[in-house]
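Residue-level listing of the chains:
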Amino acid sequence: MTIPLSRPPVDDEIKQAVLAAMDSRQWILGPQCKEFEKELARYIGVRHCVLSNSATAGLWLTLRALGVKTGDEVLVPSHTAFPTIEAICFADATPVFVDADAFYTMDAADAAAKVTPRTVGVIPVHLYGQPVDLPAARELASKFGLWMLEDCAQAHGAAWQGRKVGAFGRAAVFSFYPSKNLTVMGDGGAIVTDDEEIAARCRRLRDHGRLNKDVHSEVGFNLRFNDIQAAIGRVLLRRLDAMNDRRRELAARYGTGLAGLPLELPRERPGARHVYHLYVVRTPRRAELAAFLKERGIQTGVHYPVPTHRQPAVEHFAPSPLPATERLVDEILTLPISAGHTDAEIDAVATAVRAFFGA
Ligand SMILES: *Cc1c(COP(=O)(O)O)cnc(C)c1O
């Protein structure tokens, strides 16, 4: 028996939705896409949603729509998935790497210290499903006149003081990659915003810069979404709150099962609803623990072992050292969690971790 890191759902309701979307014969930006955009915007609590074929594409589209140009600096936590950085580079801007706070998310004080006259915006990342320090991030943006683009790729349904993440910035981006809290069984992404112009520009850019069928007002690209996957997203969006509740239940179960060990457990930021995209523990004995669990059929992961500011691809930006990030990447370990895991699986993981520590 093996316990996977994540187990996305596959069932009859989803299969029926796929078959119906197939039969409709409108496969690209058709009725399923339009409905999914409306439903997702309503769910997050904003006016517009623009689907795209990945969150990476969504970030790039939004940066373009925000008017980012060569030489512009964008503040971004180093401790994130590489695509966040990649989108900044692909939009010809310069990523300015920021250190992590005690919750593994962007340290707003470090970000403020790195503002220069060239800084135009900030991309906080709600990493692992935990909202960033939103009051601090918003204060940073308003103090320095920066736009804020939220990377919500790991945080569908997370909230701060009852308001969903994705509704705080000028715009926000979600990913539907299979392991994410809301998936479409393949690649997919979405931009959400209250800003009509940003939404309109993203819509144009994702479809070859098209004003209408025959007129292209600017050079865009093909970053469209499709109806078969949108149909899956619509089914799973209806289950998202319940799936997140289940993740929270399992996180609490880990909390009980792993209590009292020399192991740092994830904490929920006060005022936040953490949706546990990943359940990340911390120990200096990370490699040993991962090997011990692997022998027992338990999958683990490291998100992420090489901090983005240390990636060869961005060496030329000569990023400065980030002590908190460089320390944590050697000690973090992701344990299995998803709405599809059973209580017994979580208990088996906790028992194995206890055995490792001789408890
Ligand atoms: C998954 C992820 C992305 C990229 O999403 P894709 O849909 O795979 O392009 C970006 N940022 C973060 C934080 C992610 O976890």
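Data block above holds the structure.
The structure displayed is predicted, hence computed values, not measured ones.

Would you take a moment to explain the side chain of Thr105 for this structure?
Relative to the elements of secondary structure, Thr105 occurs in the loop between strand 3 (94-98) and helix 5 (108-113). On the basis of relative accessibility, which here comes to 1%, the residue Thr105 falls in the buried class. A distance of 2.6 Å separates the side chain of Thr105 from the side chain of Arg269, its partner in a polar contact. Apart from residues lying up to four places away in sequence, Thr105 is in contact with Asp99, Ala100, Val125, Leu127, Gln130, Val132 and Arg269.

What exactly am I supposed to notice about the pairing of strand 3 here?
Of all five residues in strand 3, four are buried; the element is thus mostly enclosed. With five bridges joining them, strand 2 (residues 73-77) and strand 3 adopt parallel strand pairing. Note that in strand 3 the partner of Val74 across the bridge is Pro95. With respect to chirality, the unit in which strand 2 leads through helix 4 (residues 82-90) into the neighbouring parallel strand 3 is right-handed.

Can you walk me through the side chain of His48 in this structure?
Looking at the element boundaries, His48 is found in strand 1 (residues 48-52). The residues contacting His48, other than those within four sequence positions of it, are Ala41, Ile191, Val192, Thr193, Asp194, Asp195, Glu196 and Ala199.

Explain the pairing of strand 2 to me, please; I cannot follow it from the model alone.
Both faces of the sheet carry side chains from a regular strand, because those side chains alternate between them. Of all five residues making up strand 2, five are buried, and the element is well covered by its neighbours. Residues Glu73, Leu75 and Pro77 line one face of strand 2 and the alternating positions Val74 and Val76 line the opposite face, and both faces are buried. Of the pairings in the sheet, the one linking strand 2 to strand 4 (residues 119-122) comprises three bridges and is parallel in character. In the sheet register, Val74 faces strand 4, and the bridge partner there is Gly121.

Sorry if this is basic, but what is going on with the sheet that holds strand 5 (residues 147-151) here?
In any sheet, the strands associate via hydrogen bonds between backbone groups, in a parallel or an antiparallel arrangement. The strand order 1-9-8-5-4-2-3 describes an open sheet built from seven strands, whose pairing is mixed. Two strands lie at the open edges of the sheet, namely strand 1 and strand 3, each paired on one side alone. Adjacent strand axes in the sheet meet at a mean angle of 25° when their direction is disregarded. Across the sheet, helix 2 (residues 31-44) is in contact with strand 1, strand 8 (171-175) and strand 9 (189-193); its angle to strand 1 comes to roughly 130°.

How should helix 8 (residues 227-257) be read in this particular structure?
An α-helix turns once per 3.6 residues; consequently, residues spaced three or four apart project the same way. In a regular helix each residue adds 1.5 Å, so 31 residues correspond to 45 Å; helix 8 covers 42 Å between its end C-alpha atoms and thus fits that length. Measuring from the side-chain oxygen of the N-cap residue of helix 8 to the backbone nitrogen of Ile228 gives 3.3 Å; that N-cap residue is Asn226.

Looking at this structure, how should I read the nonpolar core?
Soluble, globular proteins show a tendency: their nonpolar side chains are buried together. Judged by nonpolar contacts, the single largest core of 51 residues is most densely connected at Phe36, Leu51, Leu75, Phe176 and Leu182. Contributions of two or more residues to this core are made by helix 1 (12-23), helix 2, strand 1, strand 3, helix 6 (134-144), strand 8, strand 9 and helix 8. The greatest single-element share of this core, amounting to eight residues, is contributed by helix 8. Membership of the second largest hydrophobic core comes to 31 residues, among which are Leu61, Leu66, Ala171 and Ile198.

Teacher, can you tell me more about a nonpolar patch on the surface here?
Taken together, Leu19, Met22, Trp27 and Ile28 make up a surface patch of nonpolar side chains, about 390 Å² in accessible area. With respect to the helices, strands and loops of the structure, Trp27 is situated in the loop between helix 1 and helix 2.

Would you mind going over the site of the ligand with me for this structure?
Inspection of the region around the ligand gives 15 residues, with Thr56, Asp151, Gln154, Ser175 and Lys180 positioned closest. A distance of 2.9 Å separates an oxygen atom of the ligand from a polar backbone atom of Ala55. The contact in question runs from an oxygen atom of the ligand to an N or O atom on the side chain of Ser175, over 2.7 Å. Its free accessible area being 380 Å², the ligand has 91% of it covered by the protein chains. For the shell around the ligand, the elements supplying multiple residues, two or more each, are helix 3 (55-65) and helix 4.

Is there a simple way to explain helix 4 in this structure?
Burial in helix 4 covers these residues: Thr84, Ile85, Ala87 and Ile88. Each buried residue of helix 4 lies within a common arc of 155° when the element is viewed along its axis, so the set occupies one face. Buried positions along helix 4 lie against helix 3, strand 2, strand 3 and strand 5. Of the residues flanking the end of helix 4, it is Asp92, one or two places downstream, whose phi is positive at about 70°.

Hey, could you run me through the sheet that holds strand 7 (residues 163-164) in this one?
Overall, antiparallel pairing links the three strands, which are arranged 7-6-10 in an open sheet. Edge positions in the open sheet fall to strand 7 and strand 10 (272-273), since each of these has one partner strand only. Relative to strand 7, strand 6 (residues 159-160) runs antiparallel, the two sharing two bridges. Counted as the bridge partner of Ala159 is Lys164 from strand 7.

Would you mind showing me how to read the packing of helix 8 against helix 11 (residues 343-356) here?
The description of two packed helices rests on the angle between their axes and on the distance between the axes. Remark: helix 8 packs on helix 11, axes separated minimally by 9 Å, with the N-to-C direction vectors making an angle of 30°. Here helix 11 runs roughly parallel to helix 8, going by the angle between their axes. The hand of the helix 8/helix 11 crossing is right-handed. Counted together, Arg246, Leu250, Arg253, Tyr254 and Gly257 of helix 8 and Asp343, Ile346, Asp347, Val349, Ala350 and Arg354 of helix 11 form the full contact between these two elements. Residues belonging to the contact of helix 8 with helix 11 are distributed by class as follows: five nonpolar, one polar and five charged.

The rules behind these values
- Residues numbered from 1 in each chain as written.
- Predicted model: local features only at pLDDT ≥ 70, side-chain atom pairs only at ≥ 80, totals over all residues.
- Heavy atoms only, no water.
- Helix = DSSP H or I, 4+ residues; strand = E, 2+ residues; numbered from the N terminus.
- Buried < 20%, exposed > 50% of the residue type's maximum accessible area, 1.4 Å probe, protein only.
- Polar contact = N/O pair within 3.5 Å; in protein donor to acceptor, adjacent residues only side chain to side chain.
- Contact = heavy atoms within 4.5 Å.
- Pairing = 2+ DSSP bridges.
- Right-handed = clockwise from strand over helix to strand, strands pointing away.
- Axes fitted to C-alpha atoms, helices over the stretch in contact; angles between N-to-C directions.
- Expected span 1.5 Å × (residues − 1).
- Core = buried A, V, L, I, M, F, W, Y, C linked by side-chain atoms within 4.5 Å.
- Patch = residues over 30% accessible without salt bridge, like charges linked within 9 Å, V, L, I, M, F, W, Y side chains within 5 Å.
- Areas by Shrake-Rupley, 256 points an atom, 1.4 Å probe, with all protein chains shown as cover.
- Salt bridge = Lys/Arg side-chain N within 4 Å of Asp/Glu carboxyl O.
- Near = heavy atom within 4 Å.
- Arc of directions from axis to C-beta.
- Parallel < 35°, antiparallel > 145°, perpendicular 65-115°, else oblique.
- Left-handed = near helix turned anticlockwise from the far one by under 90°.
- Nonpolar A, V, L, I, M, F, W, Y, C, P; charged D, E, K, R; others polar.

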